[in-house]
Amino acid sequence: MFDNIDQMARIEREIEKRMEAACEKNGWYVAVAMMPPENTTLFIEKFGEAPIRSSDEDGALESAQAFANAEFGTDVEVIRDEEKIPNTRAPYHIRLSLKVDASKRVQELAA
């Protein structure tokens, strides 16, 4: 089942749509990378013209973690990246990467 790239892409997009509905608000957007399923990464990120408030970041992280726990039921490892990109309209960038094991959920969705 994990060798069927089309099916994996469909499942990845289904999960991404649910994460978009749960987490995309206040200028945050999401993406899902799922190859291989046991090393799935959920991304939530935001670009801003001014530094992004910690309360805004905390809210985004809480919604992403709640989604990950509900969707996968596994431990979540969070990696935070922050950068300032010079000479752009929105130079402030924060990306939160949530690493999860999605293999059980992928098997359920593939059935």
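Everything in this summary refers to the structure shown in the same document. (Residues numbered from 1 in each chain as written. Predicted model: local features only at pLDDT ≥ 70, side-chain atom pairs only at ≥ 80, totals over all residues. Heavy atoms only, no water.)

In terms of helices and strands, the protein chain carries 3 helices and 4 strands. When the elements of the protein chain are put in sequence order from the N terminus, they spell out α-β-β-α-β-β-α. By its C-alpha atoms, the protein chain is 45 × 25 × 20 Å across when sized along the principal axes. Looking at the protein chain as a whole, 36% of its 111 residues are labelled buried. Sequence-distant contacts, at least 24 apart, represent 59% of the contacts inside the protein chain between residues at least 6 apart. Of the roughly 6400 Å² of accessible surface on the protein chain, a fraction of 47% belongs to carbon and sulfur atoms. Within the protein chain, the 22 negative side-chain charges are centred at a point lying 5 Å from the centre of the 14 positive side-chain charges. (Helix = DSSP H or I, 4+ residues; strand = E, 2+ residues; numbered from the N terminus. Buried < 20%, exposed > 50% of the residue type's maximum accessible area, 1.4 Å probe, protein only. Contact = heavy atoms within 4.5 Å. Areas by Shrake-Rupley, 256 points an atom, 1.4 Å probe, with all protein chains shown as cover. Lys, Arg positive; Asp, Glu negative; His and termini not counted. Charge placed at Lys NZ, Arg CZ, Asp CG, Glu CD.)

Turning our attention to the packing of helix H1 (residues 5-23) against helix H3 (residues 103-110). Running from amino to carboxyl end, H1 crosses H3 at an angle of 105°, the nearest separation of the two axes being 10 Å. Here H3 runs roughly perpendicular to H1, going by the angle between their axes. Residues Gln 7, Met 8, Arg 10, Ile 11, Glu 14, Ile 15 and Arg 18 of H1 form the contact with H3, whose participating residues are Arg 105, Val 106, Leu 109 and Ala 110. When grouped by side-chain class, the residues that make up the contact of H1 with H3 number 6 nonpolar, 1 polar and 4 charged. (Axes fitted to C-alpha atoms, helices over the stretch in contact; angles between N-to-C directions. Parallel < 35°, antiparallel > 145°, perpendicular 65-115°, else oblique. Nonpolar A, V, L, I, M, F, W, Y, C, P; charged D, E, K, R; others polar.)

What follows is about the nonpolar core. In this structure, Ile 15, Met 19, Leu 42, Ile 44 and Phe 72 are the most contacted members of the largest nonpolar core, which totals 24 residues. Broken down by secondary-structure element, the contributors of at least two residues to this core are H1, strand E1 (29-33), strand E2 (40-48), helix H2 (54-72), strand E4 (92-100) and H3. (Core = buried A, V, L, I, M, F, W, Y, C linked by side-chain atoms within 4.5 Å.)

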